[in-house]
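Listed here are the chains, written in short residue letters.
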Amino acid sequence: MAELNETIHQPVRLRIMAALITLDTGDEVDFKYLRHLLGVTDGNLGAHLRKLEEAGYIIVNKVFVERKPHTYISATAAGRTAFQEHITALESIFKNKVG
Amino acid sequence: MNISPTEAEESLAAIQSVTQKTRRSIANSGAYIFLIITGSVWLVGFLATQFLSGPIVAYLWIGASVLGSALSIPLGTRQARRVRSPSLSPTAQRAITFWLLLILYGIAAIAVAKPDDGKQVTMFIVLFLMLGQLSMGMLLSFSATWWALPITVLALVGYFLLPGIFYLWMGILVGGGMIILGMYIHFRW
């Protein structure tokens, strides 16, 4: 039976993973765009991204595009699996209430 | 780690909300550019067709179209930076093939029907263009292409009910409407 993931369950990290999982495998999202999507501050988003990166759930890729620095984020295969297991656990808990 | 069923329900709702917002935002990121640029080209082109005559009309259409195409390249590139893909996805490949085929079918339909005047040619182009947008919506995200329906209705109203001011109608109401809608999607959506 799938178990809840403490790293992912934190509300901001849950929303970050939900946004990243929506993209196709291998797609990367721009840091500023992700911040705009989630409505969080630079510092807040950066702190939660570090936690997810340390857990191996995301990859943070810093590159230069036309001589300007850009940060891109994508979900790893492990992150996708962990997030899917977390959803399964949430659904299981919710079904117990309904059932 | 233990949570209550209510907390689980709230988390699932939050996931669904972010997923929908992300899908809609990505789908709409190109739509507003298309609406503003196409709307501007139509505004200039159709107003010129309504009020001017002679070769100047063709020059204005060509000038507005070239300027619109030139603007759409840097703006589209900027949008593409939001989400980077390692390769062109199968969905994108199918969408490009679909548009190329639709353009060929549109040209073939115009060649077969041999429209009598510019109004009919305009309506053929508008109908094929909006059909393409709606088809994309059916395949990818209807929330990103719903605007094609009211634009089609407005164009048909102008063609059948207001033939005397058809180009003025197309320029101000349809072209202007596309610009306003594009700005609304960009700033308010």
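Position labels on residues start from 1 in each chain and follow its written sequence. Starting at A for chains and at 1 for ligands, labels are handed out in the order in which the entities are written. A pLDDT threshold of at least 70 governs which residues receive local features in this predicted model, and a stricter bar of 80 or more applies before side-chain atom pairs are shown or counted, although totals over entire chains, interfaces and linings include all residues. Note: side-chain values were computed over all heavy atoms of the structure, leaving out hydrogens and water.

Caption draft 1: Focus on the side chain of Ser-25 of chain B. For the purposes of this entry, the term helix denotes a DSSP run of H or I that reaches at least four residues, the term strand denotes a run of E that reaches at least two, and both are numbered from the N terminus. Here Ser-25 of chain B shows up in helix H1 (residues 5–51). Relative accessibility decides the category of a residue: with a 1.4 Å probe and only protein chains considered, values under 20% of the type maximum give buried, values over 50% give exposed, and everything between is partly exposed. Relative accessible area serves as the criterion here: at 18%, Ser-25 of chain B is assigned to the buried category. At 2.4 Å, the side chain of Ser-25 of chain B and the side chain of Tyr-33 of chain A are in polar contact. Whether two residues are in contact is decided by their heavy atoms: any pair within 4.5 Å suffices. Discounting chain neighbours no more than four positions away, the residues touching Ser-25 of chain B are Tyr-33 and Leu-37 of chain A. Each polar contact in these results corresponds to two N or O atoms within 3.5 Å; when the atoms are within protein, one needs to be able to donate a hydrogen and the other to accept it, and residues that are neighboring in sequence are counted only if both atoms are side-chain atoms.

Caption draft 2: Region of the structure containing the interface of chain B and chain A. Taken residue by residue, the interface counts 25 residues in chain B and 33 residues in chain A. A 1.4 Å probe defines the accessible area here, and the buried area is the portion of it lost by two parts on being joined, summed over both. Carbon and sulfur atoms supply 67% of the area buried between chain B and chain A, which totals about 2,600 Å² over both sides. Broken down residue by residue, the surface that chain B buries against chain A is led by Met-1, Arg-81 and Arg-84 of chain B, which jointly contribute 27%. Criterion for a salt bridge: a side-chain nitrogen of Lys or Arg within 4 Å of a carboxyl oxygen of Asp or Glu. The tally of links from chain B across to chain A stands at 0 salt bridges. Seen at the junction of chain B and chain A, the total is 2 residue pairs in polar contact (both at pLDDT 80 or more). Each residue belonging to the side of chain B that touches chain A can be placed in one class, and the counts come to 11 nonpolar, 8 polar and 6 charged. Classification used: nonpolar for Ala, Val, Leu, Ile, Met, Phe, Trp, Tyr, Cys and Pro, charged for Asp, Glu, Lys and Arg, polar for all others including Gly.

Caption draft 3: Here's a closer look at the packing of helix H3 (residues 31–38) of chain A against helix H4 (residues 42–54) of chain A. Residues and elements named next belong to chain A. To get an axis, a line is fitted to the C-alpha atoms, and for a helix only the part in contact is used. The angle between two axes follows their N-to-C directions and goes from 0 to 180 degrees. Here H3 crosses H4 at 105 degrees, and the two axes come no closer than 10 Å. Taken together, H3 and H4 sit at an angle that is classed as roughly perpendicular. For the pair H3 and H4, the contacting residues are Phe-31, Leu-34, Arg-35 and Leu-38 in the first and Asp-42, Leu-45, Gly-46 and Leu-49 in the second. When the residues that make up the contact of H3 with H4 are grouped by side-chain class, the tally is 5 nonpolar, 1 polar and 2 charged. For classification, angles of less than 35 degrees are called roughly parallel, those exceeding 145 degrees roughly antiparallel, those between 65 and 115 degrees roughly perpendicular, and all remaining angles oblique.

Caption draft 4: Quick look at the sheet that holds strand S1 (residues 28–30) of chain A. Pairing is antiparallel in the open sheet, where 4 strands are placed in the order S2(A)-S3(A)-S1(A)-S1(B). Bordering the open sheet on either side are strand S2 (58–65) of chain A together with strand S1 (83–84) of chain B, each of which pairs with just one other strand. Of the pairings in the sheet, the one linking S2 of chain A to strand S3 (residues 68–75) of chain A comprises 8 bridges and is antiparallel in character. Across the sheet, Ile-58 of chain A pairs through a bridge with Ala-75 of chain A, a residue of S3 of chain A. On the sheet, helix H2 (residues 11–22) of chain A packs against S1, S2 and S3 of chain A and is oriented at approximately 90 degrees with respect to S3 of chain A. Each of S1 and S3 of chain A together with S1 of chain B touches H3 of chain A; the most contacted strand, S1 of chain A, lies at about 75 degrees to it. Only strands that DSSP links by at least two bridges are regarded as paired with each other.

The quantities given are spatial measurements derived from coordinates; they are silent on function.
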